[in-house]
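# Coordinate inspection notes
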Amino acid sequence: MRKTTRKAWALAAGMTSIALVATACSSSNDAADDEGTADGGDITLTVATFNEFGYTDEMFDRYEAENPGVTIEQKVAATSNEARENLNTRLAAGSGTADIEAIEVDWLPELMQYPDYFEDLASPDVEGRWLPWKVAQATTPDGKLIGYGTDIGPEGIAYRADLFEAAGLPSDRESVAALFGGADATWDGFFEVGKQYTAATGKPFFDSASAIYQGMVNQEEAAYEDPDTGDITALDNPRIKEMYDQVTAAAVNDKLSAHFTQWSDDWTNSFQTDGFAAMLAPGWMLGVISGNAAGVTGWDIADVFPGGSGNWGGSFLTVPSQGANVDAAKDLAAWLTAPEQQIEAFQNKGTFPSQVEALDSDEIKSATNEFFNNAPVGEILANRAKDVVVPFKGPQYFTIQDAISNAIVEVDVNGADPAAQWDTFVQVVQGLG
Amino acid sequence: MATSTTQPRAGRRLPDSPRPPRRVGFSQTLGRWDVKVSPYLYISPFFLLFALTGLFPLAYTAYVSVYDWHLLGGQGEFVGFENFAFVFQEPNFWKGLRNTFSIFLLSTIPQLMVAVVVAALLDANLRARTFWRMGVLVPYVVAPVAVALIFGKLFADQSGLVNTVLGFAGVEPIKWHGSVLPSHAAIASMVNFRWTGYNTLILLAAMQAVPRDLYEAAVIDGASRLRQFFSITIPQIRPTIIFVVITSTIGGLQIFDEPRMFDQTGQGGPGRQWMTVTMYIYELGFGNQKSFGRAAAVAWVLFLIILAVGMLNFWLTRRIASESTPKQARKKVKR
């Protein structure tokens, strides 16, 4: 693994140096006109993201036009897991990271333990740009800011109005919000609606039990670790077992789940085959839904969430210190996370901005999404973002979350015994201590 | 005494002809060195390279395996064999071992059997021979990751083509990503798709080197095609079969790409249904634990396992080679 990376890197380095030499000759004439580049020469900046960040080639073209000599390449990993492993591997190897690496909030804490790998991005220019809790997540105890916030993940419930109607349930977004309980919505209420739907149609209600669990656990203030001591409390916290039992019972006993693993091929295909009727939808998920369900009509999003509100995911852009052009990369990261660009990203893919100015902007407030039956997604997500509980996520959060999510997938998708899978989870957690 | 007698002698000779004997002596030494040392110099590049790319990583892995060593945090305390002890009591390690051998057997055995048969068919007098021969190599050209992506879709549990086709035959959908053995079969099919053609060509080359007069003699003796295949072709290409078995063994025990790409998370399934030992090494080192020490411990265990299987193969090779010699001798007598 390491050898191939190094070899590939050497090849890439060789090719870029040839390219640099070649372009240096041609551009030397008008070098005086170039103002944007810090180093004077032409540079290539790579931006590594995952899933859907909403950054388009057109945005990069604009930045390239404004900053002559800068070429931007985007690398997109399919899942957050994959991006995490890529980044870890290359940080350890000491080379090969992109100039800008996106990090998801779930695995940010484990990298926060090693801030030396990243540039300090704190700067007076960007002070007060983000919601305070978003900045706090990426700030080390001694005040180093390692990432610029991109989006946050306030969640609504995305549903298929046509399938709801066929099941005899209300289908317009206000009535559906009321159906789930409006401002007092609970998880019990959510599963209750599911039972009605499944009883009427005989079809599964939601996509994946582990996705529902994600929504639930993101409402816990301190799910797996003690915020003060950092000790693992996942097995002492009675809420974890309660949520596990609740979600597996709903998925298997009540047959509410379509038994998919999120991001699997089956899951992706099921958007085209009416596989399920509702799913939890953080802002960034809207782009995923409209992409997977292209051509399918009937999707809508309701301004309601069980337990009030929740934040699922949200990411940061970091600048690894090993990059060759850290200053130029910092400028680009600051530009990409500026309110204007994040508003545009939201309009592209629904990634809900974490910038204070963007949240107050008319573009967000008046934003509608054609795919979701022209739903006022900006307003809905802004409502959902209001009372977000910001959970504590320590260095072991991702590992524990991964383990319990595997257990739920085994029960939900593969029909394993819930009690046995819980024991497996306990074993994994004990192995961490 | 001896020194006092030799010294004056040497002193006496020096003024007469001091240089010639010395020069002869030195060039003789040089010559002797040339004969004795230079062959080692000539073969040294291999050993230097091997020491650099083979021996050093091996030794360094052993060094890492006895430390508490974090991917990003770096070297920690000396822990002795704690990493090995940890790994041995991990159920995932044993699952990985089980999966590796299961996928290895499911892929290598059918693959080599099919390869031998296809090679025999290609060895026959076909029209457009080169076309067919090159045709079997096409799957090998496809990148393993692309193969894995395509097969991942074919073997999707609910929406995959394979289950749909099985459904026509009245077979219940198989949980390709959920159960242990079906997932191994699906991954083995990827490996087979990619490597059968490659092994076929190697075996075909060996078959073409079989002297044709053996077949002519067999035909005169009235041997059927099948008889010729088992009594002439197979014994004659035995060394090549052993070579193919050994390379497949090494490749099979280190399988990584196909199982890793079999689903989106790349962990080998939620219950580690198809996680191989190499994937386990990767998970320990770069996944959740980020423990290089433990990963290095597993790497060493895997090395020892491959060594053991390699020795088994060596023993098999010698056994079969000595078995095949009398047969060849017999044929020579016949001729």
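Just so you know, these numbers come straight off a predicted model, no measurement behind them.

Looking only at helices and strands, chain B has 15 helices and two strands in total. Within chain B, counting contacts between residues at least 6 apart in sequence, those at least 24 apart form 68% of the total.

So, about the overall build of chain A. A count of helical and extended segments in chain A gives 19 helices and eight strands. Over its C-alpha trace chain A gives a radius of gyration of 23 Å, about what one expects of a compact globule, namely 22 Å for 433 residues. With the principal axes as the frame, chain A shows a C-alpha extent of 75 × 50 × 35 Å. Out of the 433 residues in chain A, the part that is buried amounts to 52%. Taking contacts inside chain A between residues at least 6 apart in sequence as the whole, the part at least 24 apart equals 76%.

Residues and elements named next belong to chain A. For chain A, the assigned domains are domain 1 (2–152 + 314–364) and domain 2 (153–313 + 375–432). Measuring from the centre of the C-alpha atoms in domain 1 to the corresponding centre in domain 2 gives 30 Å. In this assembly, 22 residues from domain 1 lie in contact with 22 residues from domain 2. Counting residues per element, the ones that place at least two in the side of domain 1 that touches domain 2 are α4 (108–112), β4 (147–160) and β7 (311–318).

Let's shift gears to the domain arrangement of chain B. Residues and elements named next belong to chain B. Domain assignment breaks chain B into domain 1 (2–65) and domain 2 (82–334). Between domain 1 and domain 2, the residue contacts involve four residues of the former and seven residues of the latter. Broken down by class, the residue content of the side of domain 1 that touches domain 2 amounts to two nonpolar, two polar and no charged.

All names here are of chain A. Of all the eleven residues making up helix α14 (residues 339–349), eight are buried; the element is thus mostly covered by neighbouring parts of the structure. Listing the buried residues of α14 in full gives P339, Q341, Q342, I343, E344, A345, F346 and K349. Immediately beyond the C-terminal end of α14, within one or two residues, lies G350, with a positive phi of roughly 80°.

Turning next to the confidence of the model for chain A. Residues at a pLDDT of 70 or more form 91% of chain A, whose mean pLDDT is 88. Under a pLDDT of 50 for its full length, residues 16–39 of chain A has, in the predicted model, 22 contacts with residues more than four places off or in other chains.

Taken residue by residue, the interface counts 22 residues in chain B and 27 residues in chain A. If you list the elements that add at least two residues to the side of chain B that touches chain A, you get α7 (144–154) and α14 (277–286) of chain B. By residue class, the composition of the side of chain B that touches chain A is six nonpolar, eleven polar and five charged.

What follows deals with the pairing of strand β5 (residues 278–282) of chain A. Residue and element names in this part refer to chain A. Of all five residues that make up β5, five are buried, and the element is covered over most of its length. Of the strand pairs in this sheet, β4 and β5 are connected by five bridges, and their pairing is antiparallel. Its bridge partner being in β5, E155 is matched across the sheet by P282.

How two helices pack is summed up by the angle between their axes together with the distance between the axes. Residue and element names in this part refer to chain A. In contact at an axis separation of 10 Å, helix α9 (residues 209–217) and helix α10 (residues 238–253) are set at 150° when each is read in the N-to-C sense. Read as a crossing pair, α9 and α10 show a hand that is right-handed. Across the interface between the two elements, A209, I212, Y213, M216 and V217 of α9 pack against M243, V247, T248 and A251 of α10. Broken down by class, the residue content of the contact of α9 with α10 amounts to eight nonpolar, one polar and no charged.

Criteria and cut-off values
- Residues numbered from 1 in each chain as written.
- Chains lettered and ligands numbered in written order.
- Predicted model: local features only at pLDDT ≥ 70, side-chain atom pairs only at ≥ 80, totals over all residues.
- Helix = DSSP H or I, 4+ residues; strand = E, 2+ residues; numbered from the N terminus.
- Contact = placed C-beta atoms within 7 Å.
- Rg over C-alpha atoms; globule rule 2.2 N^0.38 Å.
- Buried ≥ 20, exposed ≤ 12 C-beta atoms within 10 Å, placed from the backbone.
- Domains from an automatic or database assignment.
- Nonpolar A, V, L, I, M, F, W, Y, C, P; charged D, E, K, R; others polar.
- pLDDT = per-residue confidence, 0-100.
- Pairing = 2+ DSSP bridges.
- Axes fitted to C-alpha atoms, helices over the stretch in contact; angles between N-to-C directions.
- Left-handed = near helix turned anticlockwise from the far one by under 90°.

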